[in-house]
Amino acid sequence: MESMGKKKPRSRRSFTPQFKAEIVELCQRGDRSMGQIAKDFDLTETAVRDWVKQAEVDAGERDGLTSGERGELAAPRRENRRPREDVDILKRATAFFAKETR
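Keep in mind it's a predicted model, so treat the numbers as computed, not measured. (Residues numbered from 1 in each chain as written. Predicted model: local features only at pLDDT ≥ 70, side-chain atom pairs only at ≥ 80, totals over all residues. Heavy atoms only, no water.)

Draft legend 1. Region of interest: helix H3 (residues 45-58). The terminal C-alpha atoms of H3, which comprises 14 residues, lie 20 Å apart, in line with the 20 Å expected from a rise of 1.5 Å per residue. Those residues of H3 that sit buried are Val48, Trp51, Val52, Gln54 and Val57. Residues of H3 that are buried in the fold lie against helix H1 (17-29), helix H2 (34-40) and helix H4 (67-100). Glycine 60 sits one or two positions beyond H3 and adopts a positive phi of about 85 degrees. (Helix = DSSP H or I, 4+ residues; strand = E, 2+ residues; numbered from the N terminus. Expected span 1.5 Å × (residues − 1). Buried < 20%, exposed > 50% of the residue type's maximum accessible area, 1.4 Å probe, protein only. Contact = heavy atoms within 4.5 Å.)

Draft legend 2. Here's a closer look at the nonpolar core. Within the largest apolar cluster, ten residues are counted, these being Ile23, Val24, Leu26, Cys27, Ile37, Ala38, Leu43, Val48, Trp51 and Val52. When contributions to this core are tallied by element, the ones reaching two or more residues are H1, H2 and H3. For this core, the element with the most residues is H1, which contributes four residues. If near-sequence neighbours (up to four positions away) are discounted, leucine 43 is found in contact with Arg13, Phe15, Phe19, Ile23, Ala38, Val48 and Trp51. (Core = buried A, V, L, I, M, F, W, Y, C linked by side-chain atoms within 4.5 Å.)

Draft legend 3. Structural context of the pattern of salt bridges. Enumeration according to the criterion identifies seven salt bridges in this entry. Its salt-bridge partner being arginine 82, residue aspartate 86 comes within 3.3 Å of it at the nearest N-O pair. Placement of the pair is aspartate 86 and arginine 82 together in helix H4, with a separation of four residues, close to one helical turn. For arginine 82, a relative accessible area of 56% gives the class exposed. A salt bridge links arginine 92 to aspartate 88; the nearest nitrogen and oxygen atoms lie 2.7 Å apart. (Salt bridge = Lys/Arg side-chain N within 4 Å of Asp/Glu carboxyl O.)

Draft legend 4. The environment of arginine 13, seen in detail. Considering the arrangement of structural elements, one finds arginine 13 in the segment before H1. Residue arginine 13 is classed as partly exposed on the basis of its relative accessible area, which comes to 36%. If near-sequence neighbours (up to four positions away) are discounted, arginine 13 is found in contact with Asp42 and Leu43. A polar side-chain atom of arginine 13 sits 2.7 Å from the main-chain carbonyl oxygen of aspartate 42. (Polar contact = N/O pair within 3.5 Å; in protein donor to acceptor, adjacent residues only side chain to side chain.)

These figures come from the coordinates and say nothing about function on their own.
So, in structure tokens, the structure goes:
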């Protein structure tokens, strides 16, 4: 009885840029609401809203970072993550061995 009413969390899904573009196009036509389109394609309304907003930014209709600019910012962050993790491991190892020598 406890599990009634509780939903299992859905695993994270990824969508192709072509699929996102088709959903955005459907939303921009105005035949159906974003909520109805999201429901029809088993998507969250928030995701659809974000895709439409990003498409508007990429088209220059809205202020914000374009998809290309987001990619340019993400690359250095990815590159810097590995050295930071290595330094963190070395710090923990140093602390571990410092305890053992006392």
